Amino acid sequence: QIPMKSFSTRAKASKNQSAIKLFKLMEQKQTTLCLAADFVKSQEILDIAQLAGPHIAVLKVHIDIVEDYNKDLIQNLKNLAKTHNFMIMEDRKFADIGQVVSQQFRNGMYSIAEWADLVTVHPVPGKGIIQGIGKGLDECSEDKGIFIVAEMSSAGALTTGEYVEKAVKEVADSEMVTGFVCQTNIFKDPGLIQLTPGVKLVESADDLGQQYNTPNAVVDKGADLIVVGRGITQAKDQLSAVLEYKKVLWEAYKKRVVE
Ligand code: 6AU
């Protein structure tokens, strides 16, 4: 277990507006849950956002898998986010040169820059990717946060060694960075957030390479914000699953706080 300061203390140490907002939101709602709403129908995303909204910090979507995408989905999602006080993450995992990323972020049918509070990027192109998101933000008034996918959860992921080190040292050297998507505590700055996916109540795997660790195991390895998808979306009783993950994760967080 890695002892850490509380989220409210870490909010004071952060230079990133989205991280500050997230730290405060997690503390206030007593939840570290980021729900992965990987559904292909708009209504399914809205239904789970309505159900889980009061108990989560972030609702994460993959907008490009939605079959019936339309602007109403975004408007309804934004309304739910406001009502229930959660942030919206588009897990786009941008991975191109800065110029193209700035367009993928701002243009195209999804206009992600208009509605996502948080996005994910691969560090593979180098720090130009952060500048690309910055350029896509030029006309935006609201704060946006970037999570760098430094370490993946899947079996045989190539995100190891020097790649991870350089992601932390070189690519993350920007006030636009909110934190890292990673499996272990790869950074020292207490103002950044560790987002960890690959989590289920029972250690297991799926048949396409995803690997699951338990809530306690990932929090002990530094996870601040924890992604749960199918552990909740495929549960018979989704609300009970949301409440159970929320409780187990919050208890694990409380145990590691030193202050
Ligand atoms: O709990 P699951 O397996 O149903 O869903 C996990 C979610 C999916 C993935 O796109 C995402 O977490 N994810 C990520 C993220 C958040 O960037 C990185 C990673 O290494 N593994 C992973 O599963 O929506």
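Note that the structure is predicted; figures quoted are calculated from it, not measured.

Draft legend 1. Molecular detail of the site of the ligand. Around the ligand sit 15 residues in total, of which Asp38, Lys60, Ser153, Tyr212 and Arg230 are the nearest. Separating an oxygen atom of the ligand from a side-chain N or O atom of Lys60 is a distance of 2.7 Å. Here an oxygen atom of the ligand sits 2.9 Å away from a polar atom, N or O, in the side chain of His62. Alone, the ligand offers 510 Å² of accessible surface; in the complex the protein occludes 92% of this. Considering only residue class, the shell around the ligand consists of 6 nonpolar, 4 polar and 5 charged.

Draft legend 2. Fine view of the side chain of Asp224. Residue position: Asp224 is located in the loop between α8 (215–220) and β10 (225–228). Separated by 2.6 Å, the side chains of Asp224 and Arg256 make a polar contact. In contact with Asp224, not counting residues within four places along its chain, are Met4, Phe7, Arg10, Met26, Thr32, Leu192, Ile193, Gln194 and Arg256.

Draft legend 3. Just the sheet that holds strand β7 (residues 193–196), in detail. Read around the closed barrel, 8 strands run β1-β2-β3-β4-β5-β6-β7-β10, paired in parallel fashion. Neighbour to neighbour, the strand axes of the sheet diverge by 25 degrees on average, direction disregarded. In this sheet, strand β4 (residues 118–121) lies alongside strand β3 (residues 87–94) in parallel orientation, the contact comprising 3 bridges. Along β4, the bridge assignment pairs Met89 with Leu118. Contacts between helix α6 (residues 128–136) and the sheet are confined to β3, β4, β5 (145–149) and β6 (177–181), with β4 contributing the most and set at about 150 degrees to the helix. On the sheet, helix α10 (residues 238–256) packs against β1 (33–36) and β10 and is oriented at approximately 145 degrees with respect to β1.

Draft legend 4. Representation of unusual backbone geometry. The residue Gln30 is not glycine, and still its phi comes out positive at about 50 degrees. By the secondary structure assignment, Gln30 is in the loop between α2 (17–29) and β1. In this structure Gln30 comes out as partly exposed when scored by relative accessible area, which is 41%.

About the thresholds
- Residues numbered from 1 in each chain as written.
- Predicted model: local features only at pLDDT ≥ 70, side-chain atom pairs only at ≥ 80, totals over all residues.
- Heavy atoms only, no water.
- Near = heavy atom within 4 Å.
- Polar contact = N/O pair within 3.5 Å; in protein donor to acceptor, adjacent residues only side chain to side chain.
- Areas by Shrake-Rupley, 256 points an atom, 1.4 Å probe, with all protein chains shown as cover.
- Nonpolar A, V, L, I, M, F, W, Y, C, P; charged D, E, K, R; others polar.
- Helix = DSSP H or I, 4+ residues; strand = E, 2+ residues; numbered from the N terminus.
- Contact = heavy atoms within 4.5 Å.
- Pairing = 2+ DSSP bridges.
- Axes fitted to C-alpha atoms, helices over the stretch in contact; angles between N-to-C directions.
- Buried < 20%, exposed > 50% of the residue type's maximum accessible area, 1.4 Å probe, protein only.

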